[in-house]
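Each chain, letter by letter, is given below.
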Amino acid sequence: MPSEGRCWETLQALRNSSKGRLCYHRDWLLRGEDALEECVSLPKLSPFSGWVVDHILPYKQENPVPSSETSLSSGSASALDQPSVVPRSPVGSSALSPALPETPNGAQSKQESQHTESMALQSSRGIRVEGCIRMYELVHRMKGTEGLRQWQEEQERKVRALSEMASEQLKRFDELKELKQHKEFQDLREVIEKSTREALGHQEKLKAEHRHRAKILNLKLREAEQQRLKQAEQERLRREEGQVRLRSLYTMQEEVLQLNQQLDTSDQHKDLLKVDLAAFRTRGNQLCSLISGIIRTTSESGYPTAENQAEAERALQEMRDLLRNLGQEITRACEDKKRQDEEEAQAKLQASQIQQGPGPHTQSPVPNQGPGGTRNEDLQMKVQDSTMQWYQQLQDASAQCVLAFEGLTSSKDSQAKKIKMDLQKAATIPVSQISTIAGSKLKEVFDKIHSLLSGKPVQSGGRSVSVTLNPQGLDFVQYKLAEKFVKQGEEEVASHHEAAFPIAVVASGIWELHPRVGDLILAHLHKKCPYSVPFYPAFKEGMALEDYQRMLGYQVKDSKVEQQDNFLKRMSGMIRLYAAIIQLRWPYGNQQEIHPHGLNHGWRWLAQILNMEPLSDVTATLLFDFLEVCGNALMKQYQVQFWKMILLIKEDYFPRIEAITSSGQMGSFIRLKQFLEKCLQRKEIPVPKGFLTSSFWRS
């Protein structure tokens, strides 16, 4: 296009003109009109001009320079050399020449320099002022540069400080992190250790439980073994008891058959008797058949029980009573026959005297007299009937008591057996603990026995025991307690004579509160020591020697009879216990009541002994033991009558004992004789050794 080509030529022409060759700073494009105004506006002085005129020019006038450059350079140098005269700019370096902005290129610097030259031509003073201003701006710029450098250094220091602080914080952070990790590790370790401890504790607990269970199992095994041994022992005892009962049944059968034969021999008195002997023989045969049936039944079923034995004993006793009644009938018939014969003889004699007339008086024959003028007929071997009745009543009561608790002793139930053993221990152990240590200890034993008999629970073997645990418990405890008292006399008192008094005082107190126990004590005492009745068992025709020896009180084991010394020792212990019981009373009981078995029974025993024929070695021993223990109490009770009896023993009974005592058995007789002679000489029976005084009960 022709018009476009002309435009380019115009533009080229303008570019080549003087104004077109001017260099413009590109920042001016941004400034716009402000930059043009600066070009056309008049030059303005710096805000520091007044300060320069007042402070710098007077100093320059005193030191003039040849030219403006020298002035400028010297001013600059002097200003640099003397920084103390340079004022601090109240504003930044950008405010020194607001009308002359900086340009990045050389064109702007050139224009400024031209402008400065034009201004210098206008005024020499202005030139100097401008030079000072330039110098000040230079100084100020240098100071700004120095300040910037210091600021940069300060910032670098701050950056380094911040870097160091950040590094330290990083280190602290790392330390905190490490500490946290360490704590977590420790916590984890503690948790692991805790779980380990818990596991070990659980393991120990399991081990303890295992040991405990093993211990329980061992105890159960031990208990089972003990139970087995106990059952075996009980079975052995049952067999032994059965064998003893069986032998006893055979003995009773033998005695019943012998008694039945005696019934048959009574035919010779048939003419004298007014009763029918057939009834006696029929009943005797029935009793023989009864005992034979019992033996046959028990032989088939095993061993006889206590009930079988009691039934056989009742049959035997009935046979004895039957024979005794028959004997009484025969005796009565014989006496009647004798009396009739005497009456007939007397009638015949009178008739003959009447026929022959009166004759010399005939003296009746004098009966034979024994030593001391006492007739032999006054002494006998049998005890009085009333005493035998009393003896038999006690034995029957003891047998009934045994039957009352037969269910407890023969029970197969383990619980019943345990109750029986606990009751037996509770009854017998306190009696074994009786001693002469102190009255308070004796009272504890008494209270324990009394509580047991009263139905109260007592402690035995770490368990609570009471007779109310079983309906037959009271009968069992009473029987075993009485048996233990007598056994203590047989064993403990026989070895230690002083032990008779504490045992006797407890037995007397229990007897007073529980009379049945006293009757059982007498029954056991009479059975083991018949001389305490007193009763001398007679040997019956057909009786086995061992059975007779047992009736006399001897212990027979495997057909071997105990030694005489041991026999006398046991009899002595039981008589001493009996002599102590009849004179002692429980001090804490009711003293207003009478003794349940007092000194009157001792007087009766002594009188009946003296009315019976003495036994070699036995009578002298028992008299000495009885009088040594009970003589002082009898002396105080009966006084003159007692001394009369002592004189009777010395003058009449001693010769009888001496007459039947062999030379090898004189020890007991001499001991009794010396004791009574000493007592008669002193006119006093001494208090027995070991007697319980009032001081004993205060201890």
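Numbers given for residues are sequential positions, taken from 1 along each chain in its written order. Confidence filtering applies because this is a predicted model: local features only for residues at pLDDT of at least 70, side-chain atom pairs given and counted only at 80 or more, and all residues used for totals across whole chains, interfaces and linings. Calculated side-chain values reflect all of the structure's heavy atoms, with hydrogen atoms and water omitted.

An unreviewed UniProt entry annotates the protein as mRNA export factor GLE1 originating from Marmota monax.

Right, let's talk about the overall build of the protein for a bit. Looking only at helices and strands, the protein features 24 helices and four strands. Relative accessible area decides the class of each residue, using a 1.4 Å probe on protein chains only: under 20% of the type maximum gives buried, over 50% gives exposed, and in between gives partly exposed. Every one of the 699 residues in the protein was classed for burial, and the buried ones make up 34%. Should any heavy atoms of two residues lie within 4.5 Å, those residues are counted as being in contact. Long-range contacts, defined here as pairs at least 24 residues apart, represent 76% of the contacts in the protein between residues at least 6 apart. Surface summary for the protein: the accessible area is close to 43400 Å², and the carbon and sulfur share equals 53%. Counting from the N terminus, the helices are the DSSP runs of H or I reaching at least four residues and the strands are the DSSP runs of E reaching at least two. For the area figures, the Shrake-Rupley method with a 1.4 Å probe applies, and any residue is considered shielded solely by the protein chains shown.

Helix length check: helix α21 (residues 618-638), at 21 residues, gives a terminal C-alpha distance of 26 Å against a target of 30 Å (1.5 Å per residue), a shortfall beyond 12%. We define the bend at any residue as the angle between the axes fitted to the seven residues before and including it, ending there, and the seven starting there. At Cys 630, α21 shows its largest bend, some 60 degrees. Positive phi appears at Gln 639, one or two residues downstream of α21, with a value of about 50 degrees. To estimate the expected span of a helix, count its residues, drop one, and scale the result by 1.5 Å.

Turning our eyes to something else, we now look at the side chain of Thr 428. With respect to the helices and strands, the residue Thr 428 is situated in helix α13 (residues 414-432). In terms of polar contacts, Thr 428 uses its side chain to reach the backbone carbonyl oxygen of Gln 424, at 2.7 Å. By the criterion applied in these results, polar contacts are pairs of N or O atoms within 3.5 Å in which, for protein atoms, one can donate a hydrogen and the other can accept it, and in which residues neighboring in sequence qualify only through two side-chain atoms.

Among the nonpolar cores identified, the biggest contains 100 residues, and Phe 485, Val 506, Tyr 531, Phe 626 and Leu 627 are the most heavily contacted of them. Looking at this core element by element, the count peaks at 12 residues for α21. Residues in contact with Tyr 531, not counting those within four places in the same chain, are Tyr 536, Leu 552, Phe 567, Met 571, Ile 575, Trp 605, Ile 609, Leu 615, Val 618 and Leu 622. Side-chain atoms within 4.5 Å are what join buried Ala, Val, Leu, Ile, Met, Phe, Trp, Tyr and Cys residues into a set we call a nonpolar core.

Before going further, it helps to spend a moment on the packing of aromatic side chains. The description of an aromatic ring pair rests on the distance of the ring centres and on the angle between the ring planes. A pair of Phe, Tyr and Trp rings is counted when the ring centres sit within 6.5 Å of each other, with Trp represented by its six-membered ring. The angle between the planes then sorts it: under 30 degrees is stacked, over 60 is edge-to-face, the rest tilted. Following the criterion strictly, the structure yields 17 aromatic pairs and no others. Judged by centre distance (3.8 Å) and plane angle (15 degrees), the ring pair of Tyr 554 and Phe 567 falls under stacked. Within this pair, whereas Tyr 554 is found in the loop between α18 (545-551) and β3 (556-557), its partner Phe 567 is found in helix α19 (residues 564-581), the two being separated by 13 residues in sequence. As far as burial versus exposure is concerned, Tyr 554 and Phe 567 are alike and both buried.

On to the side chain of Arg 576. Here Arg 576 lies in helix α19. When its relative accessible area of 4% is taken as the criterion, Arg 576 is described as buried. Discounting chain neighbours no more than four positions away, the residues touching Arg 576 are Val 493, His 497, Ala 500, Phe 624, Asp 625, Glu 628 and Val 629.

Definition used for salt bridges: Asp or Glu carboxyl oxygen within 4 Å of a side-chain nitrogen of Lys or Arg. Under the counting rule described, the total for this entry stands at 25 salt bridges. Close ionic contact of Glu 225 with Arg 228 constitutes a salt bridge, the shortest N to O distance being 2.4 Å. Of this pair, Glu 225 and Arg 228 both sit in helix α8 (residues 124-264), three residues apart, which is roughly one turn of that helix. Here Glu 225 falls in the partly exposed class, since its relative accessible area comes to 35%. Between Glu 498 and Lys 689 there is a salt bridge; the shortest N-O distance is 3.7 Å. One end of the pair, Glu 498, is in the loop between α15 (473-495) and α16 (500-513); the other, Lys 689, is in the loop between α23 (666-682) and α24 (694-697), with 191 residues separating them in the sequence.

On to the confidence of the model for the protein. Confidence along the protein averages 76 in pLDDT terms, with 76% of residues attaining 70 or more. Long-range and interchain partners of residues 65-107, a stretch whose pLDDT sits below 50, account for 66 contacts in this model, where long-range means more than four residues apart. Every residue gets a pLDDT, meaning the predictor's confidence in that residue, from 0 to 100. With pLDDT under 50 throughout, residues 353-378 is counted as low confidence; its partners more than four residues away or in other chains account for 19 contacts.

In this structure, the amide linkage connecting Val 533 to the following residue, Pro 534, adopts the cis form with an omega of 0 degrees. Of note, Pro 534 is situated in the loop between α17 (515-528) and α18. One non-glycine residue, Asp 617, adopts positive backbone phi at about 70 degrees. Position of Asp 617 relative to the elements: it lies in the loop between α20 (599-610) and α21. Here the phi dihedral of Gln 639 falls at roughly 50 degrees; this positive angle occurs in a residue that is not glycine.

With that settled, the discussion passes to the environment of Ala 620. Mapped onto the fold, Ala 620 is located in helix α21. Looking at Ala 620, the relative accessible area reads 2%, which means it is buried. Considering only alpha carbons, one finds Ala 620 and Phe 654, 34 residues apart in sequence, at a separation of 8.9 Å. Each residue touching Ala 620, except ones within four places of it in the same chain, is listed here: Ile 657, Ser 668, Phe 669 and Leu 672.

To obtain each axis, a line is fitted to C-alpha atoms, and for helices this fit is confined to the stretch in contact; angles are then taken between N-to-C directions over 0 to 180 degrees. Running from amino to carboxyl end, helix α22 (residues 640-660) crosses α23 at an angle of 155 degrees, the nearest separation of the two axes being 11 Å. Of the possible angle classes, the one that applies to α22 and α23 is roughly antiparallel. Considering only the axes of α22 and α23, their crossing is left-handed. Every residue of α23 that contacts α22 at Trp 643, Ile 646, Leu 647, Ile 649, Lys 650, Phe 654, Ile 657 and Glu 658 is listed here: Met 666, Phe 669, Leu 672, Lys 673, Leu 676, Cys 679 and Leu 680. Its residues assigned to classes, the contact of α22 with α23 shows 12 nonpolar, no polar and three charged. Each angle is binned into one of four classes, with values under 35 degrees roughly parallel, values over 145 roughly antiparallel, values of 65 to 115 roughly perpendicular, and all other values oblique. It is the rotation of the near helix from the far one that decides the hand of a crossing: anticlockwise by less than a right angle makes it left-handed, clockwise makes it right-handed. Here the nonpolar group is Ala, Val, Leu, Ile, Met, Phe, Trp, Tyr, Cys and Pro; Asp, Glu, Lys and Arg are the charged ones; every other residue, Gly included, is treated as polar.

Looking now at a nonpolar patch on the surface. Two distance rules govern patches: like charges are joined within 9 Å, and nonpolar side chains (Val, Leu, Ile, Met, Phe, Trp, Tyr) within 5 Å, applied only to residues with over 30% relative accessible area and no salt bridge. A contiguous nonpolar surface patch, about 380 Å² in accessible area, is contributed by Trp 8, Leu 11 and Leu 14. Here Trp 8 shows up in helix α1 (residues 2-16). Looking at Trp 8, the relative accessible area reads 63%, which means it is exposed.

Taking 1.5 Å per residue, 20 residues should reach 28 Å; helix α11 (residues 385-404) reaches 28 Å between its end C-alpha atoms and fits that length. Among all positions of α11, only Thr 387, Tyr 391, Leu 394, Gln 395, Ser 398 and Cys 401 are buried. Angularly, the buried residues of α11 cover 115 degrees about the axis, an arc narrow enough to put them on a single face. Along α11, the residues that are exposed and aim more than 90 degrees away from the buried face are Asp 385, Gln 389, Gln 393 and Gln 400. Comment: arc refers to directions from the helix axis out to C-beta atoms.

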